[in-house]
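Survey of secondary and tertiary structure
Chain residues, written in single-letter form:
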Amino acid sequence: MRSIEDLKQSLLIWGVLSKEGIEFIKSKKERVIVPEMRPSLLGLKINIPLLKRNNIPFIYCTDNTLGFLFYKNKIKHTLLFFKEELSEGLRCITGSLYVVLLSHLHNIDISFFKMGYLQSNSLTDKDASTIDGRKVVLNEDIPFVEEVKDEVIEWKVLK
Amino acid sequence: MPLYKSPLLWPIFLKKETIFVLDETLLPFEEKYIEVRKIKESLEVLESMKTRAFGQVLLFFYTCCLEESNHPDSNKEKLIEKVASLFKEKRPTFDFLFLAFILKEGLKRFSSIKETVEFFLKDFDSKRRNRQKKLAEILPPEANILSICNVNGELIYLYEELLNLKKKAFFYICETRPYLQGSRLTFWELRRNNIPCKLICDCQCALLMKEKKINCVVVGADRSTKKGGIINKIGTYTLATLAHFFDMPFYALVQYPQDVDVNKINIEFRPQEEAFMFLSKIYDVEAIYPAFDITPQGLITDFINLQ
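Residues numbered from 1 in each chain as written. Chains lettered and ligands numbered in written order. Predicted model: local features only at pLDDT ≥ 70, side-chain atom pairs only at ≥ 80, totals over all residues.

Before going further, it helps to examine the overall build of chain B. When its secondary structure is counted, chain B shows 10 helices and 12 strands. Scaling as 2.2 N^0.38, a compact globule of 307 residues should have a C-alpha radius of gyration of about 19 Å, and chain B matches this with 19 Å. Along the longest, intermediate and shortest principal axes, the C-alpha atoms of chain B span 60 × 50 × 40 Å. Split into buried and exposed, the 307 residues of chain B put 50% on the buried side. Residue pairs in contact within chain B that sit at least 24 positions apart in sequence constitute 71% of those at least 6 positions apart. (Helix = DSSP H or I, 4+ residues; strand = E, 2+ residues; numbered from the N terminus. Rg over C-alpha atoms; globule rule 2.2 N^0.38 Å. Buried ≥ 20, exposed ≤ 12 C-beta atoms within 10 Å, placed from the backbone. Contact = placed C-beta atoms within 7 Å.)

Dropping the structure here:
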């Protein structure tokens, strides 16, 4: 793809796909934008194999590309996969607030689904110090890498 | 005399007939310089992202010097235009034509490209320091600054200027996928100077803003326009949008704004394989990698100019 104009409006997914989410996507017959989902590369490691298995067309991008895709009106609908429903909101993976706010600020609807199964001990990257198991900062600098944690998206933000 | 240093402040230098280019793709694990003697080699270095940002400016200027030296009888203006055109083919978003204009204007005062380049670059470092001085004055007394990509050592100057004003500073650096300029360059240059900072995944910034760990955003700009919009590393627009939502200032470091519509600037799409940079392999899936995005004027609190 050599230009943003070549990309059609698509669905955006964030979080680990579930069976229900896959059925929803199939019913829409749309292409899916799969962000990388740092640090653990969930988009690449988990969602893409699931989409391939279900013959759902997709395109991959890094997380920081999403804003530009919203700006260029390339996101039709956002699908957010959450870990747990709490009284104050939804507990989701890192980056969920990033995606929810970008969706809201560009007037894009969000649908919520319970996240698919995630075997977290199979994931190698825990924070920004590594990528795909490869170290990208010096050993002495690892303590200065921000810890990655789940995010609780409050109900008032989700409305 | 500066207290802090980074090789990224001046990543390329010219010595006799050779350009030495810091290979930024090897950092932080190796500091190696590539030797460039021909325009073909300059273009290879440029295309393969061995250098970027201020490095591109230096590479362009020094390549023009090399060409002048290799072709002493050629028309200097045409030679500059040829180099600009070849550079623009490789990196279409960056404004090499404006750099060519600067050199051609300089030739009205100086007899050679080399003298023009020397004159232009003579005060460049003090201009960058002054720019950070201006920014330091407007940042809060406890500045918790979010930044993306790499502004060639200027955050070190910013830190020094904040300290001079008895202000406190802490930096959060977005890793900046896919080339990881934030992790490999900015975080590294701040850490090696013991400047307080943390590295984050790009998608962590919204939570940090919500938790008020960040109170301002500072970014560079590959292109800037007189009407106020900027083009910068992909991910900049998101930071501006979120900063606006959380009511925090967003400052853009700009140089030589042009009278163009920001939406009409060609956004460079890099080969899709580069979306997988630094992963263990190139995955066989369709991917999209625009190298830059557009941040409109309305999201930018202030422009900190080099002039």
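Grouped together as the largest cluster of nonpolar side chains are 118 residues, with contacts concentrated most on Val32(A), Ile33(A), Val34(A), Tyr60(A), Phe81(A), Cys205(B) and Leu239(B). The contacts of Val34(A), once residues within four sequence positions are left out, are Ile13(A), Gly43(A), Asn47(A), Ile48(A), Leu51(A), Phe58(A), Ile59(A) and Tyr60(A). Within the second largest apolar cluster, 30 residues are counted, among which are Leu58(B), Cys65(B), Leu66(B) and Leu103(B). (Core = buried A, V, L, I, M, F, W, Y, C linked by C-beta atoms within 7 Å.)

Residue-level contacts link 42 residues of chain A with 44 residues of chain B. Secondary structure elements with two or more residues in the side of chain A that touches chain B: helix 2 (42–53), strand 3 (58–61), helix 3 (66–71) and helix 4 (96–105) of chain A. Per element, the largest residue contribution to the side of chain A that touches chain B is 5 residues, and it comes from helix 4 of chain A. Of the residues belonging to the side of chain A that touches chain B, the class tally is 25 nonpolar, 8 polar and 9 charged. (Nonpolar A, V, L, I, M, F, W, Y, C, P; charged D, E, K, R; others polar.)

A word on the packing of helix 2 (residues 54–70) of chain B against helix 5 (residues 113–122) of chain B. All names here are of chain B. Between helix 2 and helix 5, the shortest axis-to-axis distance is 9 Å and the interhelical angle comes to 160°. Our classification of the angle between helix 2 and helix 5 gives roughly antiparallel. Crossing hand, helix 2 versus helix 5: left-handed. Contacts from Phe 61, Cys 64, Cys 65 and Glu 68 of helix 2 reach helix 5 at Ile 113, Lys 114 and Val 117. Among the residues making up the contact of helix 2 with helix 5, the classes are represented as 5 nonpolar, no polar and 2 charged. (Axes fitted to C-alpha atoms, helices over the stretch in contact; angles between N-to-C directions. Parallel < 35°, antiparallel > 145°, perpendicular 65-115°, else oblique. Left-handed = near helix turned anticlockwise from the far one by under 90°.)

Residue and element names in this part refer to chain B. Spatial ordering of the open sheet is given by 8-9-11, a layout of 3 strands whose pairing is antiparallel. The sheet is open, and its two edges are formed by strand 8 (223–224) and strand 11 (292–295), each paired on a single side. Here 2 bridges tie strand 8 to strand 9 (residues 230–233), and the two strands are oriented antiparallel to one another. Residue pairing for strand 9: Arg 223 is matched across the bridge by Ile 231. Along the sheet, helix 10 (residues 236–245) contacts strand 9 and strand 11; its crossing angle with strand 11, the most-contacted strand, is approximately 30°. (Pairing = 2+ DSSP bridges.)

Residue and element names in this part refer to chain B. Looking at the assigned domains, one finds that chain B contains domain 1 (7–122) and domain 2 (127–305). Domain 1 and domain 2 are separated by 24 Å when their C-alpha centres are compared. Counting residues at the interface gives 15 residues for domain 1 and 20 residues for domain 2. A per-class count over the side of domain 1 that touches domain 2 returns 11 nonpolar, 1 polar and 3 charged. (Domains from an automatic or database assignment.)

So, on to the sheet that holds strand 6 (residues 89–92) of chain A. Residues and elements named next belong to chain A. With respect to topology, 3 strands assemble into an open sheet ordered 5-6-10, the strand pairing being antiparallel. The open sheet has two edge strands, strand 5 (84–85) and strand 10 (151–154), and neither has a second partner. Summarising the sheet, strand 6 and strand 10 pair through 4 bridges and their orientation is antiparallel. Counted as the bridge partner of Leu 90 is Ile 153 from strand 10. Helix 4 contacts strand 6 and strand 10 of the sheet and is inclined by roughly 30° relative to strand 10.

Bringing the environment of Thr62(A) into the picture now. Structurally, Thr62(A) is set in the loop between strand 3 and helix 3. Taking C-alpha positions, Thr62(A) is 9.5 Å from Leu41(A), a pair spaced 21 residues apart along the chain. Non-local contacts of Thr62(A), meaning those with residues more than four positions away in its chain, are made with Glu36(A), Arg177(B), Pro178(B) and Ala275(B).

Here we take up the environment of Glu23(A). Topologically, Glu23(A) is positioned in helix 1 (residues 19–28). In sequence terms Glu23(A) and Asn54(A) are 31 residues apart; their C-alpha atoms lie 9.4 Å from each other.

Residue and element names in this part refer to chain B. Close contact between helix 1 (residues 39–47) and helix 2 brings their axes to 10 Å; oriented N to C, the two are set at 170°. Classed by the angle they form, the pair helix 1 and helix 2 counts as roughly antiparallel. For the pair formed by helix 1 and helix 2, the contact residues are Ile 39, Ser 42, Val 45 and Leu 46 on the first element and Gln 56, Leu 59, Thr 63 and Glu 67 on the second. Taken together, the residues of the contact of helix 1 with helix 2 break down into 4 nonpolar, 3 polar and 1 charged.

Residues and elements named next belong to chain B. Taking every second residue as pointing to the same face, the buried face of strand 1 (residues 12–15) carries Ile 12 and Leu 14, while none of Phe 13 and Lys 15 on the other face is buried. Relative to strand 2 (residues 18–22), strand 1 is paired through 4 bridges, and the arrangement is antiparallel. Residue Ile 12 lies in a different strand from strand 2, and its bridge partner there is Val 21. Between strand 1 and strand 2, which pair antiparallel in sequence order, lie 2 residues; one of them, Lys 16, sits at a positive phi of approximately 55°.

Let us look at unusual backbone geometry. Omega for the peptide link from Arg38(A) to Pro39(A) comes to 5°, which places this bond in the cis form. Relative to the assigned elements, Pro39(A) resides in the loop between strand 2 (32–35) and helix 2. In this chain, Leu27(B) is followed by Pro28(B) through a cis amide linkage whose omega measures 10°. The topology assignment puts Pro28(B) in the loop between strand 2 and strand 3 (33–36). For Lys212(B), which is not glycine, the phi dihedral falls at a positive 60°. Structurally, Lys212(B) can be placed in the loop between helix 9 (205–210) and strand 7 (216–219). Overall, the presence of 10 C-beta atoms within 10 Å leaves Lys212(B) in the exposed class. A positive phi angle is found at Phe278(B), which is not glycine, with a value near 70°.

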